[in-house]
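# Working through the structure, step by step
So the chains spell out like this:
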Amino acid sequence: MEKDKMLVIGASGQIGIELVMQLRARFGVDQVVAADIRPAADPILTEGPYEILNVLNNQLLGEIIKKYNIKVVYHLAAMLSATGEQKPEMAWDLNMNSLFHVLEYAKKGWIDRIFWPSSIAVFGPTTPQTDTPQFTICEPTTVYGISKLAGERWGEYYHKRWGVDVRSLRYPGLIGHRSAPGGGTTDYAVDIFYKAIEDGKFESFLSKDSRLPMMYMEDAIKATIDITEAPSEQIKIRSAYNLAGISFTPEEIAAKIKEHLPHFEISYAPDFRQAIADSWPGSINDEHAQNDWGWKAKYDLDSMVKDMLLEISKKKDLTETIS
Ligand code: AKB
């Protein structure tokens, strides 16, 4: 039997690069087509098929789906929370219309399965802030959050009405060493590692006690592949699953980094992103993901910080600076 071919849209982004690598390692290099609006951000991406694709170009998307006989689409392209507030119309256009393109190809039967990420940005100031339940008040205040919430509703609608097999996770802030995030409110939690290693100091754009849900990239990739590969009947929620990893504040992560880099100093200069962070919960309850398809995060703050410092200093040939 021919194995399902996969397309990763947004392959040059923070999650895309790592997802393509993992999928190719598991299913074979030629099974996974990487696509992005820009040329490959990492040479590893062009070890297999790589296509330049603006996902708003619906015709080209269709041609790529046909050309490779794609059956599974991971649609990661989106404008995130901070950039979305600078360009609200563009964010809405990209985040919504690209999703419709993919949903429609599934409705027409060209593709069989879709993974599309939602985010903790669907929550807002009226959401319970601690151990946020799966089913709760969602009144997002950012255009990104509004687009993700609308996308969740549309995903569930396409599933119920036309049987489209769409699966989604509410990603927390994602932390990885292979590629930089772009335009998010949780990006500080990646930058802090580079600045700690390179400069010994970091200025946080969030206040010291802004607690946010985060996750190490290895866990996020595992969750993404696990939910997409799970038997359809296990996926009982077709909007998006809550997903929990590690919750911490800038002060707490700085203290952890200081255990390895004693001279590291953090300072705080909150900017417009503070209001976005303040509207999001501090921790997430993901028992539905645990019960339905067996989700469990592996990394805690200790192991994530150790791994990030080690991997970044290896890249920079600075391993001896980490204790
Ligand atoms: C962002 O900060 O916008 C993203 C997210 C939480 O979805 N990382």
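Provided above is the structure to which this section pertains.
All values reported here derive from a predicted model rather than from experimental measurement.

## Side note on unusual backbone geometry
Excluding glycine, residues mostly carry a negative phi; peptide bonds, for their part, are mostly trans. A positive phi angle, near 55 degrees, is found at Asn69, a position not held by glycine. One can find Asn69 in the loop between α2 (58-68) and β4 (70-75). What makes Asn69 partly exposed here is its relative accessible area of 36%.

## Focus on the sheet that holds strand β2 (residues 32-36)
On the basis of which strands lie adjacent, the open sheet formed by six strands has the order β3-β2-β1-β4-β5-β7 and parallel pairing. Bordering the open sheet on either side are β3 (50-52) and β7 (166-167), each of which pairs with just one other strand. By the bridge criterion, three bridges tie β2 to β3 in an arrangement that is parallel. Across the sheet, the residue bridging to Asp36 is Ile52, located in β3. Packed on one face of the sheet, α2 meets β1 (5-9), β2, β3 and β4 and runs near 155 degrees to β1.

## A short note on the nonpolar core
Core analysis: the biggest nonpolar cluster contains 40 residues, and Ile175, Tyr188, Phe193, Phe248, Ile253, Ile257 and Met304 have the highest contact counts within it. Of all elements in the fold, only α5 (143-162), α6 (188-198), β11 (212-216), β13 (246-248), α8 (250-260), α9 (273-279) and α11 (301-315) reach the threshold of two or more residues within this core. Ranked by the residues each element gives to this core, the list is headed by α6, at eight residues. Both domains that meet at this core, namely domain 1 (5-173 + 215-242) and domain 2 (180-214 + 246-282 + 299-321), each give it at least three residues. Apart from the residues within four sequence positions on either side, Phe248 is in contact with Ile175, Tyr188, Ala189, Ser210, Arg211, Leu212, Met214, Ile253, Leu301 and Met304. Counting 35 residues, the second largest nonpolar core, distinct from the first, contains Ala11, Phe27, Tyr241 and Trp293.

## A few points about α8
Taken together, the buried positions of α8 are Pro250, Ile253, Ala254, Lys256, Ile257 and His260. Down the axis, α8 shows its buried residues gathered within 160 degrees of arc, on one side only.

## Section: the layout of surface pockets
Of the volumes computed, that of the largest pocket is approximately 990 Å³. Along the walls of the largest pocket sit 46 residues, with Leu76, Ala78, Met79, Leu80 and Gly182 positioned nearest its centre. Those elements that provide at least two residues to the lining of the largest pocket are α1 (14-27), β2, α3 (81-86), α4 (88-107), β6 (118-119), α5 and β9 (173-175). Looking at the lining of the largest pocket, its residues break down into 24 nonpolar, 17 polar and five charged. Its volume calculated, the second largest pocket comes out at about 180 Å³. Forming the boundary of the second largest pocket are Glu18, Met21, Gln22, Gly176, His177, Arg178, Tyr216, Met217, Glu218, Ile221 and Asp307. Those elements that provide at least two residues to the lining of the second largest pocket are α1 and α7 (217-229).

## Regarding the side chain of Thr249
Turning to its location among the elements, Thr249 is positioned in the loop between β13 and α8. The contact partners of Thr249, leaving out residues within four places of it in the chain, are Tyr188, Lys208, Asp209, Ser210 and Arg211.

## So, α7
Along its 13 residues, α7 runs 18 Å from first to last C-alpha, staying within 8% of the 18 Å computed at 1.5 Å per residue. Burial in α7 covers these residues: Met217, Asp219, Ala220, Ile221, Ala223, Thr224, Ile225, Ile227 and Thr228.

## Some points on the site of the ligand
Around the ligand sit Leu80, Ser81, Ser119, Ile120, Tyr144, Gly184, Thr185, Thr186 and Trp280, and that is every residue in its neighbourhood. Residue Ser81 places a side-chain N or O atom 2.5 Å away from an oxygen atom belonging to the ligand. One of the backbone nitrogen or oxygen atoms of Thr185 is found 2.7 Å away from an oxygen atom of the ligand. Summarising the interface, the protein chains cover 93% of the accessible area of the ligand, which totals 260 Å² for the free molecule. In this structure the site holding the ligand corresponds to the largest pocket. Among the residues forming the shell around the ligand, the class breakdown is four nonpolar, five polar and no charged. Two domains share the shell around the ligand, each providing at least three of its residues, namely domain 1 (5-173 + 215-242) and domain 2 (180-214 + 246-282 + 299-321).

## Things to note about the sheet that holds β6
Hydrogen bonds between backbone groups are what pair the strands of a sheet, and the pairing can be parallel or antiparallel. Pairing within the open sheet is parallel, and its three strands lie in the order β6-β8-β12. With one partner strand each, in any of the chains shown, β6 and β12 (241-242) form the two edges of the open sheet. The pairing of strand β8 (residues 169-171) with β12 spans two bridges and is parallel. Looking across to β12, one finds that Leu169 is bridged to Tyr241. Packed onto the sheet, α7 meets β8 and β12 and runs at close to 170 degrees relative to β8.

Parameters and conventions
- Residues numbered from 1 in each chain as written.
- Predicted model: local features only at pLDDT ≥ 70, side-chain atom pairs only at ≥ 80, totals over all residues.
- Heavy atoms only, no water.
- Helix = DSSP H or I, 4+ residues; strand = E, 2+ residues; numbered from the N terminus.
- Buried < 20%, exposed > 50% of the residue type's maximum accessible area, 1.4 Å probe, protein only.
- Pairing = 2+ DSSP bridges.
- Contact = heavy atoms within 4.5 Å.
- Axes fitted to C-alpha atoms, helices over the stretch in contact; angles between N-to-C directions.
- Core = buried A, V, L, I, M, F, W, Y, C linked by side-chain atoms within 4.5 Å.
- Domains from an automatic or database assignment.
- Arc of directions from axis to C-beta.
- 1 Å grid on protein atoms, 1.4 Å probe; cavity = no way out; pocket = protein on both sides within 12 Å on 5 of 7 lines; lining within 4 Å.
- Points joined across faces, edges and corners; volume = space filled by probe spheres on them.
- Nonpolar A, V, L, I, M, F, W, Y, C, P; charged D, E, K, R; others polar.
- Expected span 1.5 Å × (residues − 1).
- Near = heavy atom within 4 Å.
- Polar contact = N/O pair within 3.5 Å; in protein donor to acceptor, adjacent residues only side chain to side chain.
- Areas by Shrake-Rupley, 256 points an atom, 1.4 Å probe, with all protein chains shown as cover.
- Sits in = over half its atoms within 2 Å of the grid points.

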